[in-house]
Each structure stands twice: as C-alpha cells, then as structure tokens.
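Close look at the chain arrangement
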Amino acid sequence: MNTICLLCDQLLPEKTSFTDLLLLRKQKTKKCCHTCLNKFQKISEQHCPNCYHDKNTKLCNDCLKWEKLGNKVKHKSCFIYNEAMKEYFSKYKFHGDYVLHTIFADILSKELKQWSHYSIVPIPLSSEKFQKRGFNQVSAILEAAKVNYNDILIKKDTVSQSSKNRRERLNLSLIHISEPTRLDVI
C-alpha cells in the first residue's frame, strides 16, 4: 500500500525488500518525500555553541546580550527556521494539521536520548488555544517520538507569542521559582 507525503501529497512508493518479506518485518512508513525533507535545512557544524545560531563559531550577539543580563542560553536546534519550516509550523500549529506531528518524531527521539535522565516538561497551551487547536503541538510530537514527559505546568491565558514581534518576545518577564531548581531548556 502506497502512502502520500504529508506535506505535498505526492505518492510515496513502498520499497519492500525480499528479506523484509521473508522475515515478516514491518516496514517503517515514510511520512514525507525526499523533496520536502530536503527543504528543511539542517544546522551546519559551524554554529553558536549556546543557541545553535547557524554560521557562528563563537557566542552570537544574542547569547552575549543574555549573558550580560546574567542569563545563559543553552539549547539545541536541528534545523534553520527557513520558509519550509515556517510553512510546516503554519500548517501544524495554526491550521491544526495534527498528522504533521509525526514528521520530526524520529529526529526528536534521537536528539532527546542523551537527556533521558532529565524530566521533559512541555510548555502548555492556554485553555483557549487548546480548545481552538484541539491538541498541544509539543506533546503530540513527544508522543510520536515515544519520549516520556511530565505535564506539570499551567498556562494562564495571555497574548500568543506568534502575535508578538521579536523584541516583544524577548522582553517577557522571567518565571520566578520559589525553590532552587535547575531548569534547562532544550
């Protein structure tokens, strides 16, 4: 049975080997075609060591600014936020195309293996956003990647981050935690 690319609706032919048939191995179902996958540009080997901003080998200007304020950024990106990624998030988050949660599941699963001793805590949606969208996009990807996580945060209804410009997003007040806790954002 052939499947269809989740991004462009192109037919994806199955390639079953004789060995797979003989050993009754279940075929891994492709989620999208090579053409669509190749549009997602991976972060190069030259990147900011703290935030993975592409083409920087030293701390980028943003990380230097954060460090001057007493905050250290440490996270990892796998892909550049290019037009393909922008379109993906538009379809997935804003148009509620739930099936797209599977596209990056394998990559996320591999990347999060090194953090298996951590407690993964997705940022929740406001109740209004959850009712509108019908799913939490981060939890859905984590579930597709078979990554254990803890829903321990509650989101109060606020203006969505996507409606703010970069400066407004960066000027948010930080979360205050009553007990000393180490939070690493991945």
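What you see as residue numbers is a count from 1 along each chain, following the sequence as written. A pLDDT threshold of at least 70 governs which residues receive local features in this predicted model, and a stricter bar of 80 or more applies before side-chain atom pairs are shown or counted, although totals over entire chains, interfaces and linings include all residues. Side-chain metrics in this entry use all non-hydrogen atoms of the structure; hydrogen atoms and water are not considered.

**Structural notes on the overall build of the protein**
Helix and strand content of the protein: eight helices and two strands. Secondary structure counts use DSSP, requiring at least four H or I residues in a row for a helix and at least two E residues in a row for a strand, with both numbered from the N terminus. Starting at the N terminus and ending at the C terminus, the protein contains elements arranged as β-β-α-α-α-α-α-α-α-α. Here, two residues are considered to be in contact whenever any of their heavy atoms come within 4.5 Å of each other. For the protein, the share of sequence-separated contacts (at least 6 apart) that also reach a separation of at least 24 residues comes to 57%. Areas reported here follow the Shrake-Rupley algorithm with a probe of radius 1.4 Å; residue values treat only the protein chains shown as occluding. Accessible area of the protein: about 14300 Å², with a carbon and sulfur share of 55%.

**Comments concerning helix α4 (residues 83–94)**
An ideal rise of 1.5 Å per residue puts 16 Å on twelve residues; α4 measures up with 15 Å between its terminal C-alpha atoms. Those residues of α4 lying buried are A84, M85, Y88 and Y92. All buried residues of α4 lie within an arc of 95 degrees about the axis, which places them on one face of the element. Buried positions along α4 lie against α7 (137–144). Backbone nitrogen of A84 and a side-chain oxygen of the N-cap are separated by 3.2 Å at the start of α4; the cap is N82. G96 sits one or two positions beyond α4 and adopts a positive phi of about 65 degrees. Expected span of a helix: the number of residues minus one, times 1.5 Å. Exposed residues in this analysis have more than 50% of their type's maximum accessible area, buried residues have under 20%, and partly exposed residues fall in between, with area computed by a 1.4 Å probe over protein chains only. Think of it as the arc spanned by the lines of direction from the helix axis to the C-beta atoms. Any pair of nitrogen or oxygen atoms within 3.5 Å is treated as a polar contact; in protein, a donor-acceptor pairing is required on top of that, and neighbouring residues in sequence qualify only through side-chain atoms on both sides.

**Some thoughts on unusual backbone geometry**
Positive phi, normally seen in glycine, also occurs at D9, with a value near 65 degrees. Checked against the element boundaries, D9 lands in the loop between β1 (3–4) and β2 (11–12). On the basis of relative accessibility, which here comes to 60%, the residue D9 falls in the exposed class. The residue Y52 is not glycine, and still its phi comes out positive at about 65 degrees. Topologically, Y52 is positioned in the loop between α2 (34–37) and α3 (61–68).

**With respect to the nonpolar core**
Counting 18 residues, the largest nonpolar core has C5, L7, F40, Y88, Y92, I103 and F104 as its most contacted members. Elements that contribute at least two residues to this core include exactly α4 and α7. The element contributing the most residues to this core is α4, with four residues. Every residue in contact with Y92, bar those within four places of it in the chain, is listed here: D97, Y98, L100, H101, F135, Q137, A140 and I141. By convention a nonpolar core is built from buried Ala, Val, Leu, Ile, Met, Phe, Trp, Tyr and Cys residues, the set being connected through side-chain atoms within 4.5 Å. The next biggest cluster of nonpolar side chains, apart from the first, holds six residues, and it includes A105, L112, I120 and A145.

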